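# Structural characterization, general
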Amino acid sequence: MFGAYDPHGQFRYSSRPQIEHVFIYWQAIDRPMLENKMRLAREKGRILMVTVEPYTKAVNWRDGGDRLFADIQRGAFDPQIAATCGAVSEFPGDLWIRWGHEMEDPTGRYPWARHDSRGYVAAYRKFVDTCRKIAPGARFMWSPKGERGLAAYYPGNDHVDMIGVSLWGLEKWDRDQHGRPRGFAETFDEKYRRIERFGKPIVIAELGTSGGEEYRRNWMSEISGLSAKRGLFPLLDGIVYFNDKEPHHWPQGYGSPDWRVPVSVFGDGLPVAASLK
């Protein structure tokens, strides 16, 4: 299955994406946006995938991360859990909820990404246990970045229905870090091997590629070929494209890559080696 995070509505009238991805801040839910995306997913028959970002209640949402997990455990965020899960509970189609992604990479970008795997696991479990009572039809996605050490943050089979992972192909990064451009399969393989041990369906929850047209075309060609074979990655069930500019600056001066692609890239629902200009 292929889907998209599509904040600018580029795929709004397309029949190609099968998954509609939306991000919400649980302490400040954009209800008009969420309702519009839910309506679109319902009309198009798409799966609704909701990434819940559990920021703090501080003026700067990234502050207070050292207390976040304890506050969640003691019930201080129960209203946010209820509001988040209640807002999507009436969605009539397939609903995937992805909470606290990329938790094992504590760069300072997210307050829930910390060197506190036990705290994360306890908070994740509380969210899922509570949300299941409100939205019993939802499936829950645990979604690390794919780095070493991710296993310590695994909440357990009872609280994970599927596993998501983020995957980025940036040509300049490849050349600087690896000495050459790398393709989709090589880049994904190292992350896949770290999460296949859990035996859960795997979704690339955020995929982006940026660079020259040949580099991007090669990525799409590989993905299209793998979608028919599934041999290399048998647990891979879906890929969700991040169709926007990167909202956060990459380290070491790489800036904010532009991951956007034209609708024509998703031919018949699958990525194709079309023009990516």
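Residues numbered from 1 in each chain as written. Predicted model: local features only at pLDDT ≥ 70, side-chain atom pairs only at ≥ 80, totals over all residues. Heavy atoms only, no water.

Turning our attention to the pairing of strand S5 (residues 139-142). Alignment of strand S4 (residues 95-99) against S5, held across 3 bridges, turns out to be parallel. Following the sheet pairing, Trp96 is matched in S5 by Arg139. For S5 and strand S6 (residues 162-170), the ladder comprises 2 bridges, and the chain directions are parallel. By the bridge assignment for S6, Trp142 is matched with Ile163. (Pairing = 2+ DSSP bridges. Helix = DSSP H or I, 4+ residues; strand = E, 2+ residues; numbered from the N terminus.)

Three- or four-residue spacings in an α-helix give side chains the same orientation, since the helix completes a turn every 3.6 residues. Here helix H4 (residues 117-134) contains 18 residues, and its C-alpha end-to-end distance of 26 Å stays within 8% of the 26 Å for a straight helix at 1.5 Å per residue. For H4, the complete set of buried residues consists of Gly119, Tyr120, Val121, Ala123, Tyr124, Lys126, Phe127, Val128 and Cys131. Tucked inside the fold, the buried residues of H4 contact strand S3 (47-53), helix H2 (65-73), helix H3 (78-88), S4 and S5. (Expected span 1.5 Å × (residues − 1). Buried < 20%, exposed > 50% of the residue type's maximum accessible area, 1.4 Å probe, protein only. Contact = heavy atoms within 4.5 Å.)

Running from N to C, H2 and H4 cross one another at 40°; their axes reach a closest spacing of 9 Å. Taken together, H2 and H4 sit at an angle that is classed as oblique. Pair H2 / H4 crosses with left-handed handedness. Here Phe69, Ile72 and Gln73 of H2 come into contact with H4, specifically with Gly119, Tyr120, Ala122, Ala123 and Lys126. In terms of residue class, the contact of H2 with H4 is made up of 5 nonpolar, 2 polar and 1 charged. (Axes fitted to C-alpha atoms, helices over the stretch in contact; angles between N-to-C directions. Parallel < 35°, antiparallel > 145°, perpendicular 65-115°, else oblique. Left-handed = near helix turned anticlockwise from the far one by under 90°. Nonpolar A, V, L, I, M, F, W, Y, C, P; charged D, E, K, R; others polar.)

Position of Arg114 among the secondary structure elements: in the loop between S4 and H4. By relative accessible area, Arg114 is classed as partly exposed at 27%. Remark: the alpha-carbon pair of Arg114 and Met103, spanning 11 residues in sequence, is separated by 6.6 Å. Setting aside residues no more than four positions away along its own chain, Arg114 makes contact with Gly65, Asp66, Phe69, Met103, Pro106 and Tyr153. For Arg114, the side chain forms a polar contact with the main-chain oxygen of Gly65, separated by 3.3 Å. (Polar contact = N/O pair within 3.5 Å; in protein donor to acceptor, adjacent residues only side chain to side chain.)

For the structure shown, the criterion picks out 33 aromatic pairs. Aromatic pair Tyr5 and Phe242: ring centres 4.8 Å apart, planes at 35°, arrangement tilted. Residue Tyr5 is located in strand S1 (residues 2-5), and its partner Phe242 is located in strand S8 (residues 236-242); the two are separated by 237 residues in the primary sequence. (Phe/Tyr/Trp six-rings, centres within 6.5 Å; stacked < 30°, edge-to-face > 60°.)

Moving on to the pattern of salt bridges. Enumeration over the complete set of coordinates arrives at 16 salt bridges. Measuring nitrogen to oxygen at the nearest pair gives 3.7 Å for the salt bridge that ties Asp66 to Arg67. A single burial state applies to Asp66 and to Arg67, both of which are exposed. When the shortest N-O distance is used, the salt bridge between Lys145 and Asp105 registers 2.7 Å. Of the two residues, Lys145 sits in the loop between S5 and S6 while Asp105 sits in the loop between S4 and H4, which places them 40 residues apart along the sequence. Taken together, the shared-partner salt bridges in this structure form one network comprising Glu20, Lys37 and Arg46. (Salt bridge = Lys/Arg side-chain N within 4 Å of Asp/Glu carboxyl O.)

Our next topic: helix H1 (residues 31-44). The terminal C-alpha atoms of H1 lie 20 Å apart, and with 14 residues this matches the ideal 20 Å at 1.5 Å per residue to within 8%. Among all positions in H1, only Leu34, Lys37, Met38, Leu40 and Ala41 are buried. Each buried residue of H1 lies within a common arc of 160° when the element is viewed along its axis, so the set occupies one face. More than 90 degrees from the buried face of H1, the exposed residues found are Pro32 and Glu43. Residues of H1 that are buried make contact with strand S2 (19-25), S3 and H3. Structurally, the start of H1 carries an N-cap: the backbone nitrogen of Met33 is 3.2 Å from a side-chain oxygen of Asp30. Just downstream of H1 lies Gly45, where phi reads positive at about 70°. (Arc of directions from axis to C-beta.)

Our next topic: the sheet that holds S8. Read around the closed barrel, 8 strands run S1-S2-S3-S4-S5-S6-S7-S8, paired in parallel fashion. When the angles between neighbouring strand axes are averaged without regard to direction, this sheet yields 30°. Across the sheet, H1 is in contact with S2 and S3; its angle to S2 comes to roughly 165°.

A few words now on a positive patch on the surface. Positive charge collects at one region of the surface, where Arg12, Arg39, Arg42 and Lys44 lie side by side. Relative to the helices and strands, Arg42 resides in helix H1. (Patch = residues over 30% accessible without salt bridge, like charges linked within 9 Å, V, L, I, M, F, W, Y side chains within 5 Å. Areas by Shrake-Rupley, 256 points an atom, 1.4 Å probe, with all protein chains shown as cover. Lys, Arg positive; Asp, Glu negative; His and termini not counted. Charge placed at Lys NZ, Arg CZ, Asp CG, Glu CD.)

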